[in-house]
Amino acid sequence: MSSTTMAPTATLSLSSAPTALYSPRAWTAIAVVVAVFACLPAFNLLFPVGHALHVSSFVVALIGKFICYAMAALALDLVWGYTGILSLGHGLFFALGGYAHGMYLMRAGKASADIVPDFMTFLSWKTYPWFWSFTEHFWYAMFLMLAVPGLLAFLFGYFAFRSRIKGVYFSIITQALTFAAMLLFFRNETGFGGNNGFTDFKKILGFDITSANTRAVLYWVSLSALLGALVLGRAITQSKLGRVLTAIRDSESRLRFLGYEPLGFKLFIWTLSAMLCAVAGALYVPQVGIINPGEMSTENSIEMVIWVATGGRGTLIGPIIGAGTINGLKTWFTSVFPEFWLYALGMIFVLVTIFLPQGIVGLVRKLSQRGKGQTA
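Residues numbered from 1 in each chain as written. Predicted model: local features only at pLDDT ≥ 70, side-chain atom pairs only at ≥ 80, totals over all residues. Heavy atoms only, no water.

1. Quick notes on the packing of aromatic side chains
Link 1 in the chain: One pass over the full model with this rule turns up 31 aromatic pairs.
Link 2 in the chain: Through pairs of rings, three or more aromatic residues link up here, namely Tyr99, Phe119, Trp130, Phe131, Trp132, Phe185, Phe192 and Phe198.
Link 3 in the chain: One Lys or Arg, arginine 107, reaches over the ring of tyrosine 128 and ends 3.9 Å from the middle of that ring.
Link 4 in the chain: The cationic tip of arginine 234 hangs over the ring face of tyrosine 22; the distance from NZ or CZ to the ring centre is 4.4 Å. (Phe/Tyr/Trp six-rings, centres within 6.5 Å; stacked < 30°, edge-to-face > 60°. Lys NZ or Arg CZ within 6 Å of the ring centre and 35° of its normal.)

2. Comments concerning the nonpolar core
Link 1 in the chain: Phe94, Phe198, Trp270 and Met296 are the most contacted members of the largest nonpolar core, which totals 101 residues.
Link 2 in the chain: Considering each element in turn, this core owes the most residues, 17 residues, to helix H3 (residues 57-80).
Link 3 in the chain: For phenylalanine 94, the contacting residues outside a window of four places in its chain are Cys68, Tyr69, Ala72, Cys277, Ala278, Ala280, Gly281, Tyr284, Glu295 and Met304. (Core = buried A, V, L, I, M, F, W, Y, C linked by side-chain atoms within 4.5 Å. Buried < 20%, exposed > 50% of the residue type's maximum accessible area, 1.4 Å probe, protein only. Helix = DSSP H or I, 4+ residues; strand = E, 2+ residues; numbered from the N terminus. Contact = heavy atoms within 4.5 Å.)

3. A short note on helix H6 (residues 138-162)
Link 1 in the chain: With 25 residues, H6 ought to run about 36 Å at 1.5 Å a step, and its terminal C-alpha atoms sit 36 Å apart, in line with that.
Link 2 in the chain: Along H6, the residues that are buried comprise Phe138, Ala141, Met142, Leu144, Met145, Pro149, Gly150, Ala153, Phe156, Gly157, Ala160 and Phe161.
Link 3 in the chain: In this fold, the buried residues of H6 make contact with helix H4 (90-108), helix H7 (168-186) and helix H10 (262-288).
Link 4 in the chain: Among the residues trailing H6, arginine 164 stands out with phi positive, at a value near 60 degrees. (Expected span 1.5 Å × (residues − 1).)

4. Thoughts on the environment of alanine 35
Link 1 in the chain: As for its placement among the helices and strands, alanine 35 is situated in helix H2 (residues 24-46).
Link 2 in the chain: Residue classification places alanine 35 among the partly exposed positions, given a relative accessible area of 39%.
Link 3 in the chain: Taking C-alpha positions, alanine 35 is 29 Å from tryptophan 80, a pair spaced 45 residues apart along the chain.

5. Digging into the confidence of the model for the protein
Link 1 in the chain: Mean pLDDT for the protein: 91, with 94% of residues reaching 70 or above.
Link 2 in the chain: Taken as a whole, residues 1-12 scores under 50 in pLDDT and shows 26 contacts with residues more than four places along the chain or in a different chain. (pLDDT = per-residue confidence, 0-100.)

6. Some details on empty space enclosed by the protein
Link 1 in the chain: Inspection of the entire model under this criterion finds one cavity of 30 Å³ or more.
Link 2 in the chain: Lining the largest cavity, in full, are Val60, Ala61, Arg215, Leu218, Tyr219 and Gln287.
Link 3 in the chain: For the lining of the largest cavity, the secondary-structure elements that each account for two or more residues are H3 and helix H8 (212-237).
Link 4 in the chain: If one sorts the elements of the lining of the largest cavity by residue count, H8 sits on top with three residues. (1 Å grid on protein atoms, 1.4 Å probe; cavity = no way out; pocket = protein on both sides within 12 Å on 5 of 7 lines; lining within 4 Å. Points joined across faces, edges and corners; volume = space filled by probe spheres on them.)

7. Section: the environment of glutamine 175
Link 1 in the chain: Relative to the assigned elements, glutamine 175 resides in helix H7.
Link 2 in the chain: Judged by relative accessible area, which is 25%, glutamine 175 ranks as partly exposed.
Link 3 in the chain: Counting along the chain gives 121 residues from glutamine 175 to methionine 296, while the straight-line C-alpha distance between them is 9.8 Å.
Link 4 in the chain: Once you skip the residues sitting within four places of it in the chain, glutamine 175 turns out to touch Leu88, Thr298 and Ile302.

8. Topic: the side chain of glutamine 287
Link 1 in the chain: Here glutamine 287 lies in helix H10.
Link 2 in the chain: On the accessibility criterion, glutamine 287 (9% relative accessible area) is buried.
Link 3 in the chain: Not counting chain neighbours up to four residues away, the residues in contact with glutamine 287 comprise Gly64, Lys65, Cys68, Arg215, Leu218, Tyr219 and Ser222.

This is how it looks when you write it as structure tokens:
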């Protein structure tokens, strides 16, 4: 996690020709992996229970959840892995996207979109508060899902980056922001459902949200969004903008000395990362059926950092692998030794930091280079 000295001519050669996003071999590997994962809901729909090729609805929902986590990890990698901005508050953006979509889902399942949920009835509210106006419309809810986290990230980032807050100090204030938001959302009178959050989702765009067909579509949309985020992230990191971002990570003071003002670049990637994380949260909610303030907990944000570190930060593919690996282990571990999971997670992070500083992707690259050296 230490910074390395940057050669300015290598990092800031902005006039160089654009590089391909991936090699043909890498594109083939990505296509095969995407095709395999895309087949899982199809096997659930086409083959009956008991058939050798049948994939259970539980597995489809679980993998769909992991895909959303992978997208959140990829978003974090853009700011941490490539720009050197360690955020301990991305759980907030994930949850905000989930809340915007969750309100639409809650209203869509009622006989009338004007019927207030039980927690508002308990508060003797007859109508929805102003900030939930028009959320019975899907596209407006999607606008909120992007606009609210994006605006919050922009304002927060502007004042933080303008004040040149970075390093551990920036990480601490992102954690404090997330914790403050979680306490706010826990309060019943704020209109966010309190401890229980939003649940009891029945329909999405008129379709039964619990049906296998709808679940399959949600899964495919999530997989497509992850692939789109990967391509977007790769396009950014391989561009001139990406070289400036890595220069910010390696030596921001040297970049400023060479005439670049980092504020705009940091604001752009920080805001984009928050919005991608919000999209992941919005796709997560209909697949798990609930959103509550627990998604904003500092533990969740720290876990995202562990996903990125385990897979390999600054690689885009690594965080996807890390999110799947850690959450797969979590699913198994919490079913066998639930009380020891946090200890195991901490141990994983320590071991990765010491023995795999470049993560799983770094290990694979090292073994591949060693194999090529031996064959040569």
